Structure formats: structure tokens, C-alpha cells
Amino acid sequence: MTNTTTEQPPELRTRSVAGIAVCITVALVGIFLIPSLSEPVDGVNVRFWTMVALELLAMGGVVYFVLNLHEE
């Protein structure tokens with residue numbers, strides 16, 4: 001008994017794939033910028049929270065695009 005159904009997998013949305021790539025790139029750039037922000041300068045706390053916000057935004061973007069990756 002073989003199952004011969006030829007159901008195609010759902011199609012990928014290219015906008016979601018591109019969005020994931022952009023979000024991951026932004027997150028990686030943010031991670032590599034962290035050592036350059038370690039110099040003792042006024043406003044380090046502001047820069048730290050800006051980087052945290054950037055990383056959270058990139059993470060939220062990845063989650064959104066992964067949830068919308070396939071067309072229904």
C-alpha cells in the first residue's frame with residue numbers, strides 16, 4: 001500500500017524571506033557594534049538601551065516574518 005498523493009508544500013513568500021534576511025543582518029550588525037560602544041563616554045546608558053531596542057526590533061521582525069512565511 002503506497003500513498004501516492006502529490007500534494008505540493010505551501011509556497012514561500014519572497015517578502016518574508018527577504019524580511020528575515022534583513023532582520024538577521026540588522027541583529028548581527030548590532031551585535032558587532034557592541035564592542036565599539038564600550039568606550040567610557042557620557043551617554044553609554046542611552047547607547048546601550050538603543051542597542052537593546054534595535055535587537056528586540058530585529059527579533060520581533062524575525063518572529064513576524066517566520067509566522068507569515070508560507071502562503072495559505
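Quick caveat: nothing in here was measured; it's all calculated off a predicted structure. (Residues numbered from 1 in each chain as written. Predicted model: local features only at pLDDT ≥ 70, side-chain atom pairs only at ≥ 80, totals over all residues. Heavy atoms only, no water.)

1. Quick look at the overall build of the chain
Across its full length, the chain holds 2 helices and 0 strands. The buried share among the 72 residues of the chain stands at 14%. (Helix = DSSP H or I, 4+ residues; strand = E, 2+ residues; numbered from the N terminus. Buried < 20%, exposed > 50% of the residue type's maximum accessible area, 1.4 Å probe, protein only.)

2. Considerations on the UniProt feature "transmembrane region" (unreviewed entry) in the chain
Per the UniProt entry, the sites bearing "transmembrane region" (unreviewed entry) are residues 12–34 and 46–67 in this numbering. Along residues 12–34 one finds 87% helix and 0% strand; the C-alpha atoms at either end are 34 Å apart. Annotated as residues 46–67, this span is 100% helix and 0% strand, and its ends, taken at the C-alpha atoms, are 32 Å apart. (UniProt positions renumbered as here; feature names shortened; annotations may be inferred.)

3. Details of the environment of Pro9
Looking at where Pro9 falls in the secondary structure, it is placed in the segment before α1 (14–33). Between the C-alpha atom of Pro9 and that of His70, which follows or precedes it by 61 residues, the distance is 9.2 Å.

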